[in-house]
Amino acid sequence: MLRLVVLTLLTLLSQIKISAEEAFKGWPEDKATVYCGAMAMFNQYLNADSDGNLPPYTEDQQYWWDQTLALYPDKDELQQELTLAGQSFEAYFLRASANETNPDVTRNALAATQDTTCSKYRIERRIRELKTLRAKQQLTLDAHKEIARREKAEQSITFDEPPFVNLRNNESAATLDIYFSLGCNHCLLFLDEHLTGLLKLNREGRLNLRFLEVPGLTPYMIGNGTIDRPTVAARQRAQLASRYAACAAKQSPASFTDFVTQLMASAQAYVPTIETQDWEYYTHAVAADFQQNSPVRSVQDMLANTAKQLNISVSSCDETFAKTYTEQAFSILKTLRGEINVPFYRFNGAYYLDGDAHEKLLTDLKTYTSRLPVVR
């Protein structure tokens, strides 16, 4: 029905050469409303019969007059606004009648034209309202479809088994899922700023944490052109970081978070800047980027050194294991989100899909955890 009304109005407007919206371009909506209300009243007086009897308003005139009265129910304020509208009309009239020998004819013709323009404007305004309503209805429909898709997707996934890394200290607390990649700059910045606090909430039993690290997702990097930084090489380094992280997770969830934390600390210490970027682009680093006092000169060595400090070995995580792990992580992320893209968060049934959602996520987390007592 809504679509039919919109199409009908569009058909009417297609017969009008000049858009009323263009005539009122730049006007606040209340000013255009009062102007059309004033034109309705003015045209009614201009169309009075020889005895001075006023004709009834047309449907459009009645609409604009009712809208004007609704905007300004106070009589004095209404009179002031109608006077201002009349001044706008007189400005049109003065321009149009500059070379006319019969200004009254011009005034009447101009008033009738403005009345017609207001009728067009009513149609155009209604079309905008209907389009806005239809867009809202579509958003609601799309939201319901997406919720249904997510619910179905979640039923097909076992969240308590690898490749997920679970830190559960209170079964009654909500769980925050963090989907990230050790090659993703935005992910690393979020973790660097918030992981310590999230782990504290976890230890206190106020929040459960669940991680899914997705291998090999790295940003492009445009440097100054003096050093070749192919993305494929950065992706391979990110995949190696994922392999160490997966090995750490096999030892324990704590080993996993320790590795992630220590990797970020190593990158900040050894490659704080990489041309125009900072440490979170570490997968693009080459030997020349490492600090002079750094004990390593490559990302591969930095990863191995970081793992060694935590007694993490890749002996139990061979290439076959890494390949299977990657396939599982990709499949889960695509099933849940519909695409391979991070960072991505789930909390209390809600999805937080992009960087703009960080603030909302943090607010929701704070609101939730502030109500819970420390249980450990």
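Basis of the calculations
In every chain, residue numbers begin from 1 and rise along the written sequence. Predicted model: local features are reported for residues with pLDDT of at least 70 only, side-chain atom pairs are reported and counted for 80 or more only, and whole-chain, interface and lining totals are derived from all residues. The basis for every side-chain value is the complete set of heavy atoms in the structure, and neither hydrogens nor water enter the calculation. Per the convention used, a helix needs a DSSP run of H or I reaching at least four residues, while a strand needs a run of E reaching at least two, with both numbered from the N terminus. Restricting the calculation to C-alpha atoms gives the radius of gyration, and the globule rule supplies 2.2 Å times the number of residues raised to the power 0.38. Working definition: with a 1.4 Å probe on protein chains only, accessible area under 20% of the residue-type maximum means buried, over 50% means exposed, and in between means partly exposed. In this description, contact between two residues means that some pair of their heavy atoms is separated by no more than 4.5 Å. A residue counts as positive if it is Lys or Arg and as negative if it is Asp or Glu; His and the chain ends are not included. To locate a charge, take atom NZ for lysine, CZ for arginine, CG for aspartate or CD for glutamate. Identification of polar contacts relies on pairs of N or O atoms within 3.5 Å, with a donor-acceptor requirement for protein atoms, meaning one able to donate a hydrogen and the other able to accept it, and with residues adjacent in sequence counted only if both atoms are side-chain atoms.

(A) Inspection of the overall build of the chain at higher detail. When its secondary structure is counted, the chain shows 12 helices and seven strands. Relative to the 2.2 N^0.38 estimate, which gives 21 Å for 376 residues, the radius of gyration of the chain is 33 Å and therefore markedly larger than a compact globule would have. Overall, the C-alpha framework of the chain stretches about 105 × 55 × 40 Å when taken along its three principal axes. Looking at the chain as a whole, 43% of its 376 residues qualify as buried. In the chain, of all internal contacts separated by at least 6 residues, the share reaching a separation of at least 24 is 71%. A distance of 7 Å separates the average location of the 39 positive side-chain charges in the chain from that of its 46 negative side-chain charges.

(B) Fine view of the side chain of threonine 68. Its place among the elements puts threonine 68 in helix H4 (residues 59–71). A distance of 3.3 Å separates a polar side-chain atom of threonine 68 from the backbone oxygen of threonine 33. A polar contact of 2.8 Å, which involves the side chain of threonine 68, links it to the backbone oxygen of tryptophan 64. Discounting residues that sit within four places of it in the chain, threonine 68 has contacts with Thr33, Val34, Gly37, Leu78 and Leu82.

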